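Overview (structure and organization)
Residues per chain, in single letters:
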Amino acid sequence: SREKVVSPSVSVSVPSAMAPKKGQPKTKAAKAKAAPAAAVAAHEEPDAKKPKLEEQAAKTEEPKVEKPKVAATKEEPEKADIQEEPKPDPLAEVETDSPAEKRPKVKGPVSLSDYDVTPDCLVGDNGVLTCLSSGLFSHTLKCARGTLGAKGGRYYFEVRLLETSDDSNVRIGVASSDTPIFPSRSDPRVHFTQDGKIVGTQINVEGYRPPRFQRMDVVGVLVNFGSPGGATVSLFKNGKRASPPTLVPDTLKGKALFPHVALKSGVVQVNMGPECIMNLPFKVRLFSDMAKDDSAGNPRTAPAQPEATFGIAIPDQGLFDWADEQKDSAAYEVSGRCIGSWLEASGNHIKQMGGSIDKPEIQPGQVQAAAGIDSGRAAHQVLEAAALHKHSVRIVELAANLVPEMRKRFLRVLGPGYKCKAVVLGGNVPNSVKEKARAAVKKQQMELFEKKKAIKKETKRKEFERKKREYEQRKAAKEQMKAREEARKERLALVAARVAEVKAKKEAEAAEKAEKKEDGADGDQAKKDQETTKVSLAKENEHEGKKDDEKKEEQKKEEEEEEEEPKFEEEASEEFEDTTDYSTVFFTPHRNPQMHKAQLDELVTNMMLPTDAEDLPTEFPWGKKEAVAQEFEEFVRKSKTLQRLRVRPSEWFRQQMKEWTVKLAGWKKAQVEFKKKNVPVAEEDTEIWASEDVMDVGEGRPLFEKFEQEDWALLTSRFELHTCLHAFSKEHADHPGLHNSVLPHYFSQYFDRPFPMKTFGKSTTEQTLELFGDTLTFNATSGLVEMGHPDGTPAETFVKLTEEARRDRKAKVDAGDESAKIVLDLRVERRVEKGGNKGVGKGFVPVKGGKAFGKGKGPMFRPPTFAPVPTMMRARH
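Now for a quick tour of the structure. What you see is a predicted model, and the numbers here were worked out from it, not measured in a lab.

What counts as what
- Residues numbered from 1 in each chain as written.
- Predicted model: local features only at pLDDT ≥ 70, side-chain atom pairs only at ≥ 80, totals over all residues.
- Heavy atoms only, no water.
- Helix = DSSP H or I, 4+ residues; strand = E, 2+ residues; numbered from the N terminus.
- Buried < 20%, exposed > 50% of the residue type's maximum accessible area, 1.4 Å probe, protein only.
- Contact = heavy atoms within 4.5 Å.
- Areas by Shrake-Rupley, 256 points an atom, 1.4 Å probe, with all protein chains shown as cover.
- Pairing = 2+ DSSP bridges.
- Arc of directions from axis to C-beta.
- Salt bridge = Lys/Arg side-chain N within 4 Å of Asp/Glu carboxyl O.
- Core = buried A, V, L, I, M, F, W, Y, C linked by side-chain atoms within 4.5 Å.
- Expected span 1.5 Å × (residues − 1).
- Phe/Tyr/Trp six-rings, centres within 6.5 Å; stacked < 30°, edge-to-face > 60°.
- Axes fitted to C-alpha atoms, helices over the stretch in contact; angles between N-to-C directions.
- Parallel < 35°, antiparallel > 145°, perpendicular 65-115°, else oblique.
- Left-handed = near helix turned anticlockwise from the far one by under 90°.
- Nonpolar A, V, L, I, M, F, W, Y, C, P; charged D, E, K, R; others polar.
- Polar contact = N/O pair within 3.5 Å; in protein donor to acceptor, adjacent residues only side chain to side chain.

A word on the overall build of the protein chain. From N to C terminus, the protein chain includes 18 helices and 28 strands. A buried classification covers 40% of the 877 residues belonging to the protein chain. Taking as baseline every contact in the protein chain between residues at least 6 positions apart, the subset at least 24 positions apart corresponds to 74%. Of the accessible surface of the protein chain, which amounts to about 52500 Å², a share of 51% is contributed by carbon and sulfur atoms.

What follows is the structure, given as structure tokens:
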């Protein structure tokens, strides 16, 4: 059914229906064309005729069959010709051999400094760097800097990882001479880390990832000051380039770059030359082969005799401002804030809103405990390691330096080889410290202003976006309604056209009937129908007119109600207005307190300035010794009045309360018995202070005959406050007195229940003390609460004071002073009297009248709202 046609380029099959039959063309045109061809073919040989027919058939079918295939064959070489350009290799070598150096070279050994290192680093022979890894040092990053830095040329150093693990966190790079040896997140340095990261700069090259290091790898850093754009650093691993040349950050530009190595654990070997451990693809000079003109020595060198300086100041009086001024010195700063920053840079998390500057809070808690920050063991460990290096230290421990015993412990750790002195701050603050503090305050105020401004702008932008979104939603809804209305109008127009057609038909019929005047009746009926039709048409036209008027009014109303699209209006730029009174700013403010109140309460009793007996030379750079000492004594006295100590009731206190309980019960019983006698109430009040016996002031009447529940509560509180103050005074004879803010604390410590502030409906301690002005003396200026009656005052005296206060209160109420009434909240007393807490495990000391133990087995006790927390703390202690 198919005939094969062969072409010079391709072989195809042609259906037989497409091939012309011999001598039988189908159409007239075909016949006309075929006639000359047949005439010519008749004179040719049969063999010559066949190729021509085949060629003709091939030409006929080529456009239909061969073109797609030919096109495909043409596209293939075009695709082969178009190839993507190869991406540049970021690790392609760009360095060439170093030329011969004719300039004079540095003399002496070049290696890691055994002085400019963190205390937990030990530098041995052949550049071997080992680490201490116990206690605090198990969580810190150890750092060491080279003795020689480069400020020109191209130089190389390398590090071999002898003993490392996955958590060794080895880092190699460069740093300047003024980079603090204790690392922090903001220090100017460039490091390539073991886990494939870069610290201090960025390499923005597509497809590049820094390599990882492992044991026995040889990793090197090339410093090139001849690169276009400035100094660059490059990383090499095992003799091969591992990073493209990278510009150093702006903080290091124009400075000499020193080799800098850091690790958390393990042992490494640092090679400064003269030969490479593993050769590079090009010849390079190492740091020990440096030209003298390109070198810069490390200014931090070991002194002839190490020094130890104790910074002493009361909290919030400039100790850390003074320490910041000494940061340029080579001495270690031994302080909680420095150790905290060191731990944070080592990968531990510092709780920003927890802890204090002196004792920062590290997360997680086991790091805090292992480092020994709270106990002071961390500072001791740093001092021990510093003494091993014979390194000068600057001890900025705010709490510990104020206690003589802690200073002696520090001195014993340092040993006799140190030259020690104490710097006591106080008196007139230097202008340099004030200016720095005021600049810091102004910076904080500007940052706060910019933050508020940005928040305000963002809020306005969000409000604009909300309004615009609502506008677009309303607009879309209106357009949708409009489209529906237009569709409805189109439908109504069709209906109206149909109605008009029906009207026209009716009018035609009416006119036709009117013309027919076959008889009078029909004519009259036709006229009536015509008139009826005209009336109905008139009414319909009137109705349509009203509809058109209504539509026009609605359209006009819609045009009037068309709302404008909301636009975002930029407000005029607000200028920063500084309203701070800088005359009261002396020291740099901090987010966290310099010392916690609990720590101050614990140490304030033992605080003392250095004396001659300590053999510690003392300097007073900010003021005279006498003025500073007086300022310190005033601070200690004031701190003691605000001190919250843990006290236990003494035997004297227990005996006093035992006797009071018996007397109070007897008085209440006597009042009940007297009321049972139904004796008429005395018309006139008897003299209060005339009779010594409160049980009988005349006619067998007790003085407390008219006592109500609030009077008994006031009487009890009078005696309890009196006894509490005397008990504390006996146990703390040298204490200057109690501040009103700590009185509730000591009341709850002695009586195992809250201070009766809520019982009498008062909101502050001062308001409560106003009720007992006849028992206590409250100094509103100093805030101190003093005893109003001497020790040994009879209990009957407080009954008389209560009766006197009752009569005075009654007179005020009778005069119309409703504020004199006392509304007793008995719910507090009932909650305390019930006591107990079911479900509590062992170790809970309940309030009076409660159960000692419950049925619970939980590991912790959650105190109820009425139970005083200090009681629980004392029970646990």
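Text resumes after the structure shown.
A separate point is the pairing of strand 6 (residues 142-146). The side chains of a regular strand alternate between the sheet's two faces. For strand 6, the tally of buried residues reaches five of five residues, placing the bulk of the element in the interior. Here strand 6 shows two buried faces, one formed by K142, A144 and G146 and the other by C143 and R145. Bridging between strand 6 and strand 16 (residues 258-263) involves four bridges; their strand directions are antiparallel. Note that in strand 16 the partner of A144 across the bridge is V261.

Here helix 7 (residues 404-414) has its buried residues at P404, M406, R407, F410 and L414. Seen from one end, helix 7 has its buried residues packed into an arc of 160°, which puts them on one side. Phi turns positive, to about 85°, at G415, one or two residues after helix 7.

For the rest of this paragraph, the subject is the pattern of salt bridges. Side chains that differ in charge, positive against negative, can pair when their charged atoms come close. Going through the model one piece at a time under the given rule, you end up with 42 salt bridges. One salt bridge connects R241 with E93, and the closest N-O pair in it is separated by 2.9 Å. Remark: E93 occurs in the loop between helix 2 (46-81) and strand 3 (112-117) and R241 occurs in strand 14 (residues 240-241); sequence separation between them is 148 residues. Classification of E93 by relative accessible area gives partly exposed; the value is 31%. Its salt-bridge partner being D774, residue R718 comes within 3.1 Å of it at the nearest N-O pair.

A word on the nonpolar core. Ranked by internal contacts, the top residues of the largest apolar core, which has 103 residues, are V221, F287, V393 and M607. Here this core gets seven residues from one element, more than from any other, and that element is helix 6 (residues 377-389). In this structure, V221 is in contact with Y155, Y156, F157, I172, G173, V174, F192, V233, S234 and L235, ignoring residues within four places of it in sequence. Counting residues in hydrophobic clusters, the runner-up holds 44 residues, among them V697, V742, F747 and M757.

Taking 1.5 Å per residue as the helical rise, helix 13 (residues 709-731) with its 23 residues ought to reach 33 Å, and the 33 Å between its terminal C-alpha atoms agrees with that figure. Within helix 13, 18 of the 23 residues are buried, which leaves the element mostly enclosed by the surrounding structure.

Now for the packing of aromatic side chains. All told, the structure shown has 24 aromatic pairs when counted by the stated rule. Between F586 and F587 the ring centres are 6.5 Å apart and the planes differ by 50°, which places this aromatic pair in the tilted class. For F587, a relative accessible area of 16% gives the class buried. Between the aromatic rings of F653 and Y750, the centroid separation amounts to 5.0 Å while the plane-to-plane angle is 45°, which identifies the pairing as tilted. Placement of the pair is F653 in helix 12 (residues 651-676) and Y750 in helix 14 (residues 743-751), with a sequence separation of 97 residues. Judged by relative accessible area, which is 5%, Y750 ranks as buried. Counting every residue linked through ring pairs, the aromatic cluster contains W660, W667, F704, F707, W712, F719 and F798.

Let us now look at the pairing of strand 3. In terms of residue burial, strand 3 counts as a mostly covered element, since five of its six residues are buried. Direction of pairing for strand 3 relative to strand 6: antiparallel, over a ladder of two bridges. Bridge assignment links L112 to a residue of strand 6, and that residue is G146.

Within a sheet, each strand pairs with its neighbour through backbone hydrogen bonds, oriented either parallel or antiparallel. With respect to topology, five strands assemble into an open sheet ordered 20-23-19-24-25, the strand pairing being parallel. The open sheet has two edge strands with one neighbour each: strand 20 (332-334) and strand 25 (618-619). Across three bridges, strand 20 lies against strand 23 (residues 393-395) in parallel orientation. Within strand 23, the residue paired with Y332 across the bridge is V393.

This next bit is on the packing of helix 12 against helix 16 (residues 795-814). Two quantities define a packed helix pair, namely the angle between the helix axes and the distance between the axes. Between helix 12 and helix 16, the least distance of the axes is 11 Å, while the angle of their chain directions is 45°. Classified by the angle their axes make, helix 12 and helix 16 are oblique. Helix 12 and helix 16 meet at a crossing whose hand is right-handed. Contact residues: W660, K663 and W667 in helix 12; A795, E796 and V799 in helix 16. For the contact of helix 12 with helix 16, a count of residues per class yields four nonpolar, no polar and two charged.

Right, let's talk about the side chain of R394 for a bit. With respect to the secondary-structure elements, R394 resides in strand 23. Given a relative accessible area of 6%, R394 falls into the buried group. Here the side chain of R394 touches Q326 through a polar contact of 3.3 Å, landing on its backbone oxygen. Not counting residues up to four positions away in its chain, the partners in contact with R394 are T309, W322, A323, Q326, K327, S329, A331, Y332, E333 and V334.

All quantities given are derived from atomic positions and should not be read as evidence of function.
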